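Next come the chains, spelled out residue by residue.
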Amino acid sequence: MRLVLILLALLAAPLPAFSEPTFFPARNGNADAPVLVVYSSLDEPLARPMIKGFQEANQDVALRYDEMLTGEVYDRIVRETDAGEKTADFAFSSAMDLQVKLSNDGYAQRSDLPMSDRWPAWANWRNTAYALTFEPAVFVYHKPSFKGEKPPASRADFVDYLKRQGEKVYGRIGTYDIERSGVGFLFMARDQEQFGDIWTVIQAMGAAGVKLYSTSSAILERVADGRFVLGYNILGSYAADWASRHPDVGIVLPKDYTVVMSRIGLVPQAAANPELGRRYLAFFMSKEGQTIMARELQIAAVSPNTARTMSALLGAQLKPVPVSPGLMVYLDQVKRARLIARWNEVLRTQ
């Protein structure tokens, strides 16, 4: 219960809704103020508290917020840079692999900031790409379906439950479609690295008639109304948001290991105003910025609260995805195809 309350307080995140670029004038009223250009996959209404906090501390800076899909953030920076044009001053995206690829391929520049040396080693790639959030993959469950029985607390428990319940839960299990969901593929790839018996889990879900979706909301909606009894590897920020609004949704941080993903911020190499980009990144990493992230954006922050609190409670159970070139393995089309092919084959094996 304590862990669930932490999630509800610090991990809840509304679903993204994409919009046109938004302009925020400088607070000092200067119409000719320098403009910080942000490319981000975070929906603009959710980002407003961070923008407000930054502009209160930097009243001489205007800001243009370009909200787009994660793939568009990557493609636009690469396209504009390769064309010799200027691009965003700051990029913020949940596509960890694409953000690290930008850094590794020379599309991001080094940002030596006041918090750089104190940032967790796993969350900082050569001072060019920084993890700024701390979002676990969780089990979700329909509370009324578990009256008199505890929900699975580990992957072994998950398999045991599916085998014991059999036809009773057939077709009432949900997880991401790893062919269509980037975060679903990331979590599955990490499962394969962390858990030697992961294919037993996938086979058990296949035998239980698991349903696959590309979005968190499709799974959580069905858990909330009882059509599903369990959801596997659901992004904790979205799960906590649903749990805060739907009392029948329960959350479990798997005790064998809990994968943690992050949204990554960087300053592009071809930024028109890189110093403004660094100022915005430094604000994200500051105590004030991370507090805004956790309390007002309601997305778990790397520092100062959520990661430390969860690490103190869960220790080695947490398995953050390191910000490193290792993430680019997930972009290797041959390896990706092999993993997806095995996934589909095992799901079909009864």
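What you see is a predicted model; the values in this text were computed from it and never measured.

Draft legend 1. Structural detail: the packing of helix α6 (residues 182–194) against helix α7 (residues 198–207). At their nearest, the axes of α6 and α7 sit 8 Å apart, and the two run at 130 degrees to each other. The angle between α6 and α7 places the two elements in the oblique class. Taking contact as the criterion, the partners of Met188, Asp191 and Gln192 in α6 are, on α7, Ile198, Trp199 and Ile202. For the contact of α6 with α7, the residue count by class is four nonpolar, one polar and one charged.

Draft legend 2. Spotlight on the packing of helix α2 (residues 44–57) against helix α10 (residues 274–285). It is the contact of α2 with α10, at a shortest axis distance of 10 Å, that shows an interaxial angle of 115 degrees. On the basis of their axis angle, the class for α2 and α10 is roughly perpendicular. You can see that α2 and α10 cross each other, and the crossing is right-handed. When α2 is examined against α10, the residues Met50, Ile51, Gly53, Phe54 and Ala57 are found in contact with a partner set consisting of Arg279, Tyr280, Phe283 and Phe284. Within the contact of α2 with α10, the residues separate by chemical class into seven nonpolar, one polar and one charged.

Draft legend 3. Geometry of the pattern of salt bridges. Counting across every chain of the model gives 18 salt bridges. The shortest N-O distance in the salt bridge between Arg48 and Glu44 comes to 2.2 Å. Within this pair, Arg48 and its partner Glu44 are both found in helix α2, separated by four residues, close to a single helical turn. Since its relative accessible area comes to 6%, Glu44 is described here as buried. Residue Asp177 pairs with Arg180 through a salt bridge whose shortest N-O separation is 3.0 Å. Taking relative accessible area as the criterion, Arg180 reaches 56% and is therefore assigned exposed. Residues joined in a network through salt bridges with shared partners are Arg64, Asp66, Arg76 and Glu80.

Draft legend 4. Up close: the side chain of Ser93. Tracing the chain through its elements places Ser93 in strand β4 (residues 90–93). Accessibility expressed as a relative area gives 1% for Ser93, which makes it buried. For Ser93, the side chain forms a polar contact with the main-chain nitrogen of Ala95, separated by 3.0 Å. Not counting residues within four places of it along the chain, the set of residues in contact with Ser93 comprises Ser41, Thr70, Gln99, Arg263 and Ile264.

Draft legend 5. A look at the pairing of strand β3 (residues 62–67). With respect to burial, β3 is a largely interior element, five of its six residues being buried. Looking at chain direction, strand β1 (residues 22–24) and β3 are connected through three bridges and run antiparallel. Within β3, the residue paired with Phe24 across the bridge is Leu63. Taken together, the six bridges between strand β2 (residues 35–40) and β3 define a ladder with parallel strand orientation.

Draft legend 6. Quick look at α7. The element α7 is extensively covered by neighbouring structure, given that seven of its ten residues are classed as buried. Taken residue by residue, α7 has Ile198, Trp199, Val201, Ile202, Ala204, Met205 and Gly206 as its buried positions. Looking at the buried residues of α7, the elements they touch are α5 (155–165), β9 (173–176), α6, β11 (230–235) and α13 (333–348). Two residues or fewer after α7 comes Gly209, characterised by a positive phi angle close to 70 degrees.

Draft legend 7. Representation of the nonpolar core. Grouped together as the largest cluster of nonpolar side chains are 103 residues, with contacts concentrated most on Ile173 and Tyr280. Residues contacting Tyr280, with those up to four places away along its chain left out, are Leu36, Val38, Met50, Ile51, Phe54, Leu63 and Phe90.

Draft legend 8. The packing of aromatic side chains, seen in detail. Enumeration according to the criterion identifies 15 aromatic pairs in this entry. Geometrically, the ring pair formed by Tyr213 and Phe228 is tilted, given 6.0 Å between the ring centres and 50 degrees between the ring planes. One end of the pair, Tyr213, is in strand β10 (residues 211–213); the other, Phe228, is in the loop between α8 (216–224) and β11, with 15 residues separating them in the sequence. Between Arg245 and the ring centre of Trp242, over which it is positioned, the NZ or CZ distance is 5.3 Å. A cation over a ring is seen here: Arg336 above Phe185, with NZ or CZ 4.3 Å from the ring centre.

Rules and cut-offs
Residues numbered from 1 in each chain as written. Predicted model: local features only at pLDDT ≥ 70, side-chain atom pairs only at ≥ 80, totals over all residues. Heavy atoms only, no water. Axes fitted to C-alpha atoms, helices over the stretch in contact; angles between N-to-C directions. Helix = DSSP H or I, 4+ residues; strand = E, 2+ residues; numbered from the N terminus. Parallel < 35°, antiparallel > 145°, perpendicular 65-115°, else oblique. Contact = heavy atoms within 4.5 Å. Nonpolar A, V, L, I, M, F, W, Y, C, P; charged D, E, K, R; others polar. Left-handed = near helix turned anticlockwise from the far one by under 90°. Salt bridge = Lys/Arg side-chain N within 4 Å of Asp/Glu carboxyl O. Buried < 20%, exposed > 50% of the residue type's maximum accessible area, 1.4 Å probe, protein only. Polar contact = N/O pair within 3.5 Å; in protein donor to acceptor, adjacent residues only side chain to side chain. Pairing = 2+ DSSP bridges. Core = buried A, V, L, I, M, F, W, Y, C linked by side-chain atoms within 4.5 Å. Phe/Tyr/Trp six-rings, centres within 6.5 Å; stacked < 30°, edge-to-face > 60°. Lys NZ or Arg CZ within 6 Å of the ring centre and 35° of its normal.

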